[in-house]
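# Breakdown of the fold
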Amino acid sequence: MPAYIEEPARRIPVIAETDVLVIGGGSAGIGAAVAAARGGAHSMLVERYGSLGGLATNGLIILLLTMDDGHGKQVIAGLCQELVDRLSARNACYFPPSGEWGLDDAELIERYRRAGLVWGRGPHVVRYSVAYDPEEFKVEADQLLLETGVDLRFHRWAVGVVRDGSRITHVIFESKAGREAIACNAVVDATGDADIAVLAGEDVERERVHPWLWFRTAGADRSLAEEAPDRPTYYRTVHESGYLHPWGAAERIDRDIDPTDPDDLTYAEVECRRLVRAELDRLRGNTPGFEHAWIAQFANTLGITESRRLVGRYMLRREDMDQPPFDDTIAITGNWTKYGAIYHIPFRALCARETDNLLAAGRCMSSDHRAHHSTKEIPPCFATGEAAGFASALALQHNAAPVDVDVSALQAKLRAAGAILP
Ligand SMILES: Cc1cc2nc3c(=O)[nH]c(=O)nc-3n(C[C@H](O)[C@H](O)[C@H](O)COP(=O)(O)OP(=O)(O)OC[C@H]3O[C@@H](n4cnc5c(N)ncnc54)[C@H](O)[C@@H]3O)c2cc1C
């Protein structure tokens, strides 16, 4: 068998043209697409699956950790807050009221711990973190994009880019419709795995990880399950019945995987499901209340904490924690396990080095492994997405490249949209 085959050249239809092309519909992509549209650009979001949210819905990571600094002060608002307000109006989320943030009341802390809103080592205080219903999140996100005028295209995988000098002119997608190209002025890589950065030839950092598979159970007897001694970790879900199990912490598959290798992913999917079912059998046997429980839902996508990250014009590092703001700060984030630890995120950490019209947002922005623990959380993914979207739209208005955008104008846009900046 030959090692390679030559693919004959073929014509690819250009099916659309847009100002800002956002690839990936997770929290970062939602933020970017909505902000680009609100900034006055034609905004298009392309997602490989059939629903929005990425890990925040299809990965069953249904906890916003966290929107505060760990001392009771909110540091992330903007679009993330807007989504919380929308979910709240649907009675589809649960969070401590603002008067409780920062309190060290043991009873309150225990109440929120049971909902998955308290993590890390104590001494604990109540945080502004939010548990929510992922199906309601998907519908609210669809509606938000449509109301904002985002051109939404599901079921397409980005597989290639066409460059002209330092710019991406087209992104190529594969789907059941075949191979198609979309022409664009600016691109936001919100794929989580920095797919577009790699296709554009940018440098990336790569990590191998233990995959997680969060799951939900139904049928447990709540009065017993809540009081079970030595119980494994599980959390109340927003609606009364059922528990969320953040599986992968205690038991793990036997090796790290490369989350961008389909064979590694195949192995991990099969192995995680087998181990989760064994976990259910243990719960049934050992944990009072779970005798008749069943697996209501596996996450549709494995929990991949990190894979590839852009090496951007600035790499946010662990040493940047608790430092004064950068001049180009576009978001602030707390840390979900540490109280009072914050990072200012500079615009340069979203900017590709070699491609003037490419920004990366969300978990594939430019950070080192340790700062990534803070920047990868859902609220900062929304915030960096929002900054990338506004920057792309602003660049277009001023006929500039997104990486060269006037940062003070960007900061003003973000503030006007409700973002919290220094
Ligand atoms: C086990 C685990 C626990 C976590 N716990 C928490 C927590 O409790 N709270 C919290 O706030 N955060 C938590 N996180 C982090 C958080 O869930 C993610 O980092 C965040 O949701 C990432 O958002 P994103 O938009 O950057 O990427 P993703 O959510 O990964 O979205 C990327 C999107 O891009 C799409 N896509 C990818 N490649 C392509 C392509 N080539 N073409 C088209 N579409 C593509 C994907 O389908 C996906 O929809 C956790 C993460 C993990 C894995």
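Residues numbered from 1 in each chain as written. Predicted model: local features only at pLDDT ≥ 70, side-chain atom pairs only at ≥ 80, totals over all residues. Heavy atoms only, no water.

To continue, consider a nonpolar patch on the surface. There is a patch of nonpolar side chains on the surface, built from Y49, W157 and V159 and spanning about 260 Å² of accessible area. Relative to the helices and strands, W157 is located in strand β7 (residues 157-164). For W157, a relative accessible area of 41% corresponds to the partly exposed category. (Patch = residues over 30% accessible without salt bridge, like charges linked within 9 Å, V, L, I, M, F, W, Y side chains within 5 Å. Areas by Shrake-Rupley, 256 points an atom, 1.4 Å probe, with all protein chains shown as cover. Salt bridge = Lys/Arg side-chain N within 4 Å of Asp/Glu carboxyl O. Helix = DSSP H or I, 4+ residues; strand = E, 2+ residues; numbered from the N terminus. Buried < 20%, exposed > 50% of the residue type's maximum accessible area, 1.4 Å probe, protein only.)

Turning next to the domain arrangement of the protein. Entries for the protein in the domain assignment read domain 1 (14-207 + 307-416) and domain 2 (215-298). Here domain 1 and domain 2 have C-alpha centroids that lie 28 Å from each other. Overall, the association of domain 1 and domain 2 removes approximately 1400 Å² of surface from exposure, summing both partners, and the carbon and sulfur fraction of that is 59%. Where domain 1 meets domain 2, there are three salt bridges. Our enumeration of links across domain 1 and domain 2 arrives at three residue pairs in polar contact (both at pLDDT 80 or more). Among the secondary structure elements, those contributing two or more residues to the side of domain 1 that touches domain 2 are β4 (93-94), β5 (130-132) and α4 (134-148). Here the side of domain 1 that touches domain 2 is composed, by residue class, of 11 nonpolar, three polar and seven charged. (Domains from an automatic or database assignment. Buried area = accessible area lost by both parts, 1.4 Å probe. Polar contact = N/O pair within 3.5 Å; in protein donor to acceptor, adjacent residues only side chain to side chain. Nonpolar A, V, L, I, M, F, W, Y, C, P; charged D, E, K, R; others polar.)

Looking now at the packing of aromatic side chains. Taken as a whole and assessed by the stated rule, the structure comprises 11 aromatic pairs. A ring pair is formed by Y132 and F137, whose centres lie 5.2 Å apart and whose planes are at 35 degrees; its orientation type is tilted. Side by side, Y132 and F137 carry an identical accessibility label, which is buried. A centroid spacing of 6.3 Å and a plane angle of 40 degrees characterise the contact between F137 and F382, whose relative ring orientation is tilted. One end of the pair, F137, is in helix α4; the other, F382, is in helix α9 (residues 378-397), with 245 residues separating them in the sequence. The same class applies to F137 and to F382, which are both buried. Members of the aromatic cluster, joined through ring pairs, are F95, W101 and Y128. (Phe/Tyr/Trp six-rings, centres within 6.5 Å; stacked < 30°, edge-to-face > 60°.)

Attention now goes to the site of the ligand. Within the structure, the ligand sits among 36 residues, and E47, R48, L55, L63 and K376 are positioned closest to it. With respect to the ligand, the side chain of E47 contributes an N or O atom lying 2.6 Å from an oxygen atom. Contact between the ligand and D195: a nitrogen atom at 2.9 Å from a side-chain N or O atom of the residue. With the chains in place, 97% of the 1000 Å² that the ligand exposes on its own is no longer accessible. For the shell around the ligand, the element with the highest residue contribution is α9, accounting for three residues. Within the shell around the ligand, the residues separate by chemical class into 18 nonpolar, 11 polar and seven charged. (Near = heavy atom within 4 Å.)

Glancing now at the sheet that holds strand β13 (residues 243-245). Read from one edge of the open sheet, four strands run β12-β13-β11-β14, paired in antiparallel fashion. Whereas interior strands pair on both sides, the edge strands pair on one side only; in this sheet they are β12 (235-236) and β14 (294-298). Judged from the four bridges that link them, strand β11 (residues 215-218) and β14 form a sheet pairing that is antiparallel. The residue bridging F215 from the neighbouring strand is F298, located in β14. (Pairing = 2+ DSSP bridges.)

This paragraph deals with unusual backbone geometry. Of note, the bond from L65 into T66 is cis; its omega dihedral lies within 30 degrees of zero at -5 degrees. Topologically, T66 is positioned in the loop between β3 (63-64) and α2 (78-89). The omega torsion of the bond from G122 to P123 falls at 0 degrees, within 30 degrees of zero and hence cis. Relative to the helices and strands, P123 resides in the loop between α3 (106-113) and β5.

The subject of this paragraph is the pairing of strand β17 (residues 343-346). Burial along β17 is two-sided: Y343 and I345 and H344 and P346, pointing in opposite directions, are all buried. Bridging between strand β16 (residues 329-333) and β17 involves four bridges; their strand directions are antiparallel. The partner of I332 across the bridge, within β17, is H344.

What follows is about the sheet that holds β5. Taken in spatial order, the three strands of this open sheet run β3-β5-β4, and their pairing is antiparallel. Looking along the sheet, the strands with just one partner apiece sit at the ends: β3 and β4. Direction of pairing for β3 relative to β5: antiparallel, over a ladder of two bridges. If you follow L63 over to β5, its bridge partner there is A131.

This part covers the pattern of salt bridges. Under the criterion given, the structure shown has 33 salt bridges. A salt bridge links R114 to E110; its shortest N-O distance comes to 2.9 Å. The class of R114 is buried, set by a relative accessible area of 17%. Assessed through its relative accessible area of 27%, E110 is described here as partly exposed. R222 is the salt-bridge partner of E226, the closest N and O atoms lying 3.7 Å from each other. For the residue pair E226 and R222, the accessibility class agrees, reading buried in each case. A single salt-bridge network, built from bridges that share partners, covers E110, R113, R114, R222, E226, E227 and R236.

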